[in-house]
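An overview of the molecular structure
This is what each chain is made of:
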Amino acid sequence: MTLSILYRGPLSSCNYACDYCPFAKRTETVAELAHDRECLERFVGWVNGRSHPVGVLFTPWGEALVRRWYQDALAELTNMPHVVKAAIQTNLSCKLDWTDACDKSKLALWCTYHPGETTRERFLAKCHELIARGVRFSVGVVGLTEHLAEIKALRAELPPAVYLWVNAFKRVPDYYPPEVVDALTAIDPLFPVNNTRHPSSGQACRTGNTVISVAGDGTARRCHFVDTPIGNIYDADFDSCLMPRPCPNATCGCHIGYVHLQPLGLYGRFGDGVLERIPNKDQL
């Protein structure tokens with residue numbers, strides 16, 4: 001069994017200023033950053049001690065790849081024989097030379113483009129550098145209606161083989177008129193899946209069994225959207241905490257949550273690209 005882990009440590013700073021994000025342009029003290037590094041290094045050490053296959057997706061509040069310790073962690077993780085994948089969500093504002101130390105057959109980046117925080121040209125240059133370096137990645141953007149023209153331009157300029165996902169903006173009910181839904185679906189065929197809050201109460205879900213969320217202190221939860229802890233990875237008997245659990249929430253509307261809902265069948269569409277959000281080409 002492969003255990004997929006969504007790790008989110010105490011890091012909560014970002015170099016971007018998106019107005020919908022509570023961590024925009026947030027800075028941290030030297031002590032706070034040192035604490036985040038200690039938590040991350042402890043987690044990597046724990047993964048190294050596992051005897052079964054592990055996949056890791058870093059889902060930080062803010063931007064982590066501008067911190068050297070996250071770059072080092074990805075290099076260390078991808079070079080562990082039992083780690084099948086190590087991926088991270090990023091705005092791609094960092095240098096990319098650190099990827100040379102990684103086993104690129106296991107490395108993946110989940111890259112988000114933020115119009116207004118960087119130029120399309122600069123972001124695309126980073127994407128082309130990833131291709132040249134042989135790094136697997138997806139590209140995405142928040143589907144704000146005012147960014148529709150920019151999203152279309154990004155799709156037109158990205159290589160066709162690069163998957164472009166669109167995160168639906170769900171904070172406003174009935175936010176999208178039908179014509180915008182059609183336009184975004186033409187760009188991302190899976191947009192309607194993301195633009196839905198899926199009924200999930202009582203549904204079979206892999207979280208809590210083969211997928212967990214882990215905080216910096218080792219507290220494990222079934223996912224980012226259920227607060228109740230199921231244990232702590234640093235406890236000697238942690239594996240006994242892993243078991244099938246039906247979803248306790250009424251709905252699930254975020255990709256890193258609903259992709260694990262078994263009735264949706266999305267593992268068949270994403271194959272080995274679940275963590276980095278890259279679907280199988282024949283499933284689009």
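Structure: above.
Before going into details, it helps to say that this report is about the structure given with it. As the structure is a computational prediction, the values presented were derived from the model and not from experiment. (Residues numbered from 1 in each chain as written. Predicted model: local features only at pLDDT ≥ 70, side-chain atom pairs only at ≥ 80, totals over all residues. Heavy atoms only, no water.)

**Let's talk about the overall build of the chain**
Each helix and strand counted, the chain has eight helices and 13 strands in total. The C-alpha atoms of the chain give 18 Å as radius of gyration, which agrees with the globular expectation for 284 residues (19 Å, within 12%). For the chain, the spread of C-alpha atoms along the three principal axes comes to 55 × 45 × 35 Å. The burial tally for the chain puts 54% of its 284 residues in the buried class. Working note: accessible area of the chain is about 12400 Å², and carbon and sulfur atoms make up 53% of it. (Helix = DSSP H or I, 4+ residues; strand = E, 2+ residues; numbered from the N terminus. Rg over C-alpha atoms; globule rule 2.2 N^0.38 Å. Buried < 20%, exposed > 50% of the residue type's maximum accessible area, 1.4 Å probe, protein only. Areas by Shrake-Rupley, 256 points an atom, 1.4 Å probe, with all protein chains shown as cover.)

**Comments concerning the sheet that holds strand β11 (residues 229-232)**
Note: strands within a sheet are paired through backbone hydrogen bonds, in either parallel or antiparallel orientation. Pairing is mixed across the open sheet formed by nine strands, whose spatial order is β6-β5-β4-β3-β2-β1-β9-β10-β11. Because the sheet does not close on itself, it has two edges, and the strands there are β6 (164-167) and β11. Across this sheet, the average inter-strand angle for adjacent strands is 25°, counted without regard to direction. When strand β1 (residues 3-8) meets strand β9 (residues 211-215), the two strands line up parallel, connected through five bridges. (Pairing = 2+ DSSP bridges. Axes fitted to C-alpha atoms, helices over the stretch in contact; angles between N-to-C directions.)

**Considerations on empty space enclosed by the protein**
This structure, assessed with the given rule, holds three cavities of 30 Å³ or more. Considered as a void within the structure, the largest cavity measures approximately 70 Å³ in volume. Around the largest cavity, the lining residues are Cys-205, Thr-207, Arg-222, Cys-223, Phe-225, Val-226, Cys-247, Asn-249, Cys-252, Gly-257 and Leu-261. Here the residues of the lining of the largest cavity sort into seven nonpolar, three polar and one charged. Within this model, the second largest cavity holds a volume of roughly 60 Å³. Taken together, Tyr-163, Asp-188, Leu-190, Val-193, Asn-194, His-255, Tyr-258, Leu-266, Phe-270 and Arg-277 form the lining of the second largest cavity. Every element with two or more residues in the lining of the second largest cavity is listed here: α6 (191-194), α7 (255-258) and α8 (266-270). Looking at side-chain class alone, the lining of the second largest cavity contains six nonpolar, two polar and two charged residues. (1 Å grid on protein atoms, 1.4 Å probe; cavity = no way out; pocket = protein on both sides within 12 Å on 5 of 7 lines; lining within 4 Å. Points joined across faces, edges and corners; volume = space filled by probe spheres on them. Nonpolar A, V, L, I, M, F, W, Y, C, P; charged D, E, K, R; others polar.)

**What about the packing of aromatic side chains?**
All chains considered together, the criterion is met by eleven aromatic pairs. Taken together, a centroid distance of 6.4 Å and an interplanar angle of 75° make the contact between Phe-43 and Phe-58 edge-to-face. With Phe-43 in helix α1 (residues 30-48) and Phe-58 in strand β2 (residues 54-58), this residue pair connects regions lying 15 residues apart in the sequence. In this structure Phe-43 comes out as buried when scored by relative accessible area, which is 0%. Ring geometry for Tyr-176 versus Phe-191: centroids 5.4 Å apart, planes at 90°, classification edge-to-face. (Phe/Tyr/Trp six-rings, centres within 6.5 Å; stacked < 30°, edge-to-face > 60°.)

**Overview of the packing of helix α4 (residues 148-157) against helix α5 (residues 178-187)**
Following both chains from N to C, one finds α4 and α5 inclined at 20°, their axes separated by 10 Å at the closest point. Taken together, the axes of α4 and α5 lie roughly parallel to each other. The handedness of the crossing between α4 and α5 comes out as left-handed. Listed contacts from α5 to Leu-148, Ile-151, Lys-152 and Arg-155 of α4 are Ala-183, Leu-184 and Ile-187. Considering only residue class, the contact of α4 with α5 consists of five nonpolar, no polar and two charged. (Parallel < 35°, antiparallel > 145°, perpendicular 65-115°, else oblique. Left-handed = near helix turned anticlockwise from the far one by under 90°. Contact = heavy atoms within 4.5 Å.)

**A short note on the pairing of β1**
Along β1, six of the six residues are buried, which leaves the element largely enclosed by surrounding structure. Pairing between β1 and β2: five bridges, direction parallel. Directly across from Ser-4, in β2, lies its bridge partner Gly-55.

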